[in-house]
Amino acid sequence: QVQLVESGGGLVQPGGSLRLSCAASGSIFSINVMGWYRQAPGKQRELVASITSGGVTNYADSVKGRFTISRDNAKNTVYLQMNSLKPEDTTDYYCNAGRVRTTGTNPWFYWGQGTQVTVSS
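Read on for a plain summary of the structure. What you see is a predicted model; the values in this text were computed from it and never measured.

About the cut-offs
- Residues numbered from 1 in each chain as written.
- Predicted model: local features only at pLDDT ≥ 70, side-chain atom pairs only at ≥ 80, totals over all residues.
- Heavy atoms only, no water.
- Buried < 20%, exposed > 50% of the residue type's maximum accessible area, 1.4 Å probe, protein only.
- Helix = DSSP H or I, 4+ residues; strand = E, 2+ residues; numbered from the N terminus.
- Pairing = 2+ DSSP bridges.
- Axes fitted to C-alpha atoms, helices over the stretch in contact; angles between N-to-C directions.
- Contact = heavy atoms within 4.5 Å.
- Core = buried A, V, L, I, M, F, W, Y, C linked by side-chain atoms within 4.5 Å.

## A look at the pairing of strand β11 (residues 115–119)
Step number 1: Judged by which residues are buried, β11 turns out to be one-sided: Thr115, Val117 and Val119 face inward and are buried, whereas Gln116 and Thr118, on the alternate face, are not.
Step number 2: Bridge count between strand β2 (residues 10–12) and β11: 3 bridges; the pairing is parallel. Within β11, the residue paired with glycine 10 across the bridge is valine 117.
Step number 3: Relative to β11, strand β9 (residues 91–99) runs antiparallel, the two sharing 3 bridges. Paired with threonine 91 across the strands is valine 117, a residue of β11.

## Re the sheet that holds strand β8 (residues 77–82)
Step number 1: With antiparallel pairing, the 4 strands of this open sheet are ordered in space as β1-β3-β8-β7. Each edge of the open sheet carries a strand with a single partner, namely β1 (2–7) and β7 (67–72). When strand polarity is set aside, the average angle formed by the axes of neighbouring strands in this sheet is 15°.
Step number 2: Where β1 meets strand β3 (residues 18–26), 6 bridges bridge the pair, whose relative direction is antiparallel. Bridge pairing in β3 places leucine 4 opposite alanine 24.

## Some thoughts on the environment of glycine 9
Step number 1: Turning to its location among the elements, glycine 9 is positioned in the loop between β1 and β2.
Step number 2: The sequence separation of glycine 9 and threonine 115 amounts to 106 residues, and the corresponding C-alpha distance is 5.4 Å.
Step number 3: Residues within four places of glycine 9 in sequence aside, it is in contact with Leu20, Thr115, Gln116 and Val117.

## As for the nonpolar core
Step number 1: The biggest cluster of nonpolar side chains holds 28 residues, and the ones touching the most others in it are Met34, Trp36, Leu80, Met82 and Tyr93.
Step number 2: Sorting the residues of this core by element identifies β1, β3, β4 (33–39), β5 (46–52), β7, β8, β9 and β11 as the ones contributing at least two each.
Step number 3: Here the element with the most residues in this core is β3; it accounts for 4 residues.
Step number 4: Other than its neighbours up to four places away in sequence, methionine 82 contacts Gly16, Ser17, Leu18, Leu20, Arg66, Phe67, Tyr93 and Val117.

## What about the environment of valine 100?
Step number 1: By secondary structure assignment, the location of valine 100 is in the loop between β9 and β10 (108–111).
Step number 2: Classification of valine 100 by relative accessible area gives partly exposed; the value is 23%.
Step number 3: With 97 residues separating them along the chain, valine 100 and glutamine 3 place their C-alpha atoms 17 Å apart.
Step number 4: The contact partners of valine 100, leaving out residues within four places of it in the chain, are Asn32, Val33, Pro107 and Phe109.

Any functional reading would require information beyond the geometric quantities listed.
Pasting the structure below:
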């Protein structure tokens, strides 16, 4: 029902910046939260940042003050501005969109294909 296409990953030096984009298409009107997760090899996928339809944001402690999540409703796109990047930020990043905490319905999520971020000198 929902398709998510990520872009913006790549190679950057420590202290540099990247901007990830996630464009949603399909049955998007029921989405009430979108976010970014990351998953290192052999580890569980963890939340990086999320934003609700009401604009409420949530960030992992490790990225607070460095990353900013935002939405462009006209383009059905969510962004993750990543500043002051560190080598430990290196991994695959995945866009997520879904509907949660809605009375009378089951929660659901869709995932993007992932985009690689490498922070190295």
